[in-house]
Amino acid sequence: GESVGLHLPTLSVQEGDNSIINCAYSNSASDYFIWYKQESGKGPQFIIDIRSNMDKRQGQRVTVLLNKTVKHLSLQIAATQPGDSAVYFCAEGGNTGNQFYFGTGTSLTVIP
Amino acid sequence: EAGVAQSPRYKIIEKRQSVAFWCNPISGHATLYWYQQILGQGPKLLIQFQNNGVVDDSQLPKDRFSAERLKGVDSTLKIQPAKLEDSAVYLCASSYRGLGQPQHFGDGTRLSIL
C-alpha cells in the first residue's frame, strides 16, 4: 500500500513559537491529504485538509503546504500553545476511494 | 452534531476469548471505517463500509476478525479468538460520502489481551 512517513518522530517547541511538522508520501496519484491531532486517550481529531489542486491552505493558526513535486506535506502551527501538545498524523487519501494511509505520527511537546 | 460513539472504552480479555466492539457513526454518514491502532503507530484500516456494503476489507484478518453494518448505521467488530498481538486501540470513523471527505473518529476501544 501507500507509504506515508514523517521526518521527525518528536518535536519540542517553546510556547508562542511556530511549529512545523513534516510528512512525506509516496503515491503521486493521491489527491487528498488530511492532518489529524491525537491527544492521549482520544481518537484523531481533524485539523485541516488539502486537495492536490492546491499548494497551500490556511485555517485558524494552522497552515498546510503541499509540494507535489517532491511529495511533501507540512503543517505549520502559529503561536504554539500548551494545548497543541499531541501526536500529529498526516493521512494520504487515494483517488480510487476514501481509503486513508496514516504515517507513524510526530509527537509535539510545547514547553511553557 | 453528535460525534462518533464507541463502546466499550476499555476491554481486558484473555487470549483465545472473543470480544465485540460497537460503533454508532455520525448521523447521515454513509461511510464507516474500523481502524486498528497499535501503540506508537498510526491507525491501520481494517474495513470500510459504504452504507451496509463492504468497500474494502483487504487488511482484515478474516480468520479471526469479522464486522457487520446491518441497516447501514451501527456497526460491530468482533474478534474470535483473540491473540496477544490484537492488543490495540480499535477506532471507528465515519464520513459523509466517502470520496474526498474527512473522516471523523470516535475515541476508540482500548483492548488488552492477557
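Here is a short report on the structure shown in this document. As the structure is a computational prediction, the values presented were derived from the model and not from experiment.

1. Observations regarding the environment of B:Lys15
Residues and elements named next belong to chain B.
Working step 1: Locating Lys15 in the fold gives a position in the loop between β2 (10–13) and β3 (19–24).
Working step 2: Judged by relative accessible area, which is 39%, Lys15 ranks as partly exposed.
Working step 3: Placed 20 residues apart in sequence, Lys15 and Tyr35 show a C-alpha to C-alpha distance of 20 Å.
Working step 4: Excluding its chain neighbours within four sequence positions, the residues that come into contact with Lys15 are Ala82, Leu84, Ile113 and Leu114.

2. So, the pattern of salt bridges
Working step 1: The full count for this structure, using the stated rule, is 4 salt bridges over all chains.
Working step 2: A salt bridge links A:Arg61 to A:Asp84, with the shortest nitrogen-to-oxygen separation between them at 2.9 Å. Pair noted here: A:Arg61 is in the loop between β6 (56–58) and β7 (62–67) and A:Asp84 is in the loop between β8 (72–77) and β9 (86–93), with a separation of 23 residues, a long-range link.
Working step 3: Taking the shortest distance from any N to any O, the salt bridge between B:Arg64 and B:Asp86 comes out at 2.5 Å. Of this pair, B:Arg64 sits in the loop between β6 (53–56) and β7 (65–68) while B:Asp86 sits in the loop between β8 (75–79) and β9 (88–95); the two residues are 22 residues apart in sequence, bridging distant segments of the chain. Note on accessibility: B:Arg64 and B:Asp86 belong to one class, buried.

3. Topic: the interface of chain B and chain A
How big an interface is tends to be stated in terms of the accessible area lost upon association of its parts.
Working step 1: Across the boundary between the two partners, chain B contributes 23 residues, which contact 21 residues of chain A.
Working step 2: Both sides together, the interface formed by chain B and chain A hides about 1500 Å², and carbon and sulfur atoms give 51% of it.
Working step 3: Counting every contact that joins chain B to chain A gives 0 salt bridges.
Working step 4: For the pair chain B and chain A, the interface holds 4 residue pairs in polar contact (both at pLDDT 80 or more).
Working step 5: Within the residue set of the side of chain B that touches chain A, elements represented by two or more residues are β4 (31–37), β5 (44–50) and β9 of chain B.
Working step 6: Top element by residues in the side of chain B that touches chain A is β4(B). It accounts for 3 residues.
Working step 7: Here the residues of the side of chain B that touches chain A sort into 8 nonpolar, 12 polar and 3 charged.

4. Examining the pairing of β9(B)
Consecutive side chains along a regular strand alternate between the two faces of the sheet.
Residues and elements named next belong to chain B.
Working step 1: Counting buried positions along β9 yields 8 of 8 residues, so the element is predominantly enclosed.
Working step 2: Of the two faces of β9, the one holding Ala88, Tyr90, Cys92 and Ser94 and the one holding Val89, Leu91, Ala93 and Ser95 are both buried throughout.
Working step 3: As defined by bridge partners, β4 adjoins β9 across 7 bridges and the pair is classed as antiparallel. Bridge pairing in β9 places Trp34 opposite Cys92.
Working step 4: Taken together, the 3 bridges between β9 and strand β11 (residues 109–113) define a ladder with antiparallel strand orientation. Residue pairing for β11: Val89 is matched across the bridge by Arg110.
Working step 5: Strand direction decides the pairing type here: β9 and strand β10 (residues 104–105), joined by 2 bridges, are antiparallel. Looking at the pairing, Ser94 lines up with His104 of β10.

5. Regarding unusual backbone geometry
Working step 1: Note that the residue after B:Ser7, namely B:Pro8, is joined by a cis bond; omega there is -5 degrees.
Working step 2: Note that B:Pro8 resides in the loop between β1 (5–7) and β2.
Working step 3: The linkage connecting B:Gln80 with the following residue, B:Pro81, adopts the cis geometry, with an omega of -5 degrees.
Working step 4: Along the chain, B:Pro81 falls in the loop between β8 and β9.
Working step 5: For A:Ala79, which is not glycine, the phi dihedral falls at a positive 50 degrees.

About the thresholds
Residues numbered from 1 in each chain as written. Chains lettered and ligands numbered in written order. Predicted model: local features only at pLDDT ≥ 70, side-chain atom pairs only at ≥ 80, totals over all residues. Heavy atoms only, no water. Helix = DSSP H or I, 4+ residues; strand = E, 2+ residues; numbered from the N terminus. Buried < 20%, exposed > 50% of the residue type's maximum accessible area, 1.4 Å probe, protein only. Contact = heavy atoms within 4.5 Å. Salt bridge = Lys/Arg side-chain N within 4 Å of Asp/Glu carboxyl O. Buried area = accessible area lost by both parts, 1.4 Å probe. Polar contact = N/O pair within 3.5 Å; in protein donor to acceptor, adjacent residues only side chain to side chain. Nonpolar A, V, L, I, M, F, W, Y, C, P; charged D, E, K, R; others polar. Pairing = 2+ DSSP bridges.

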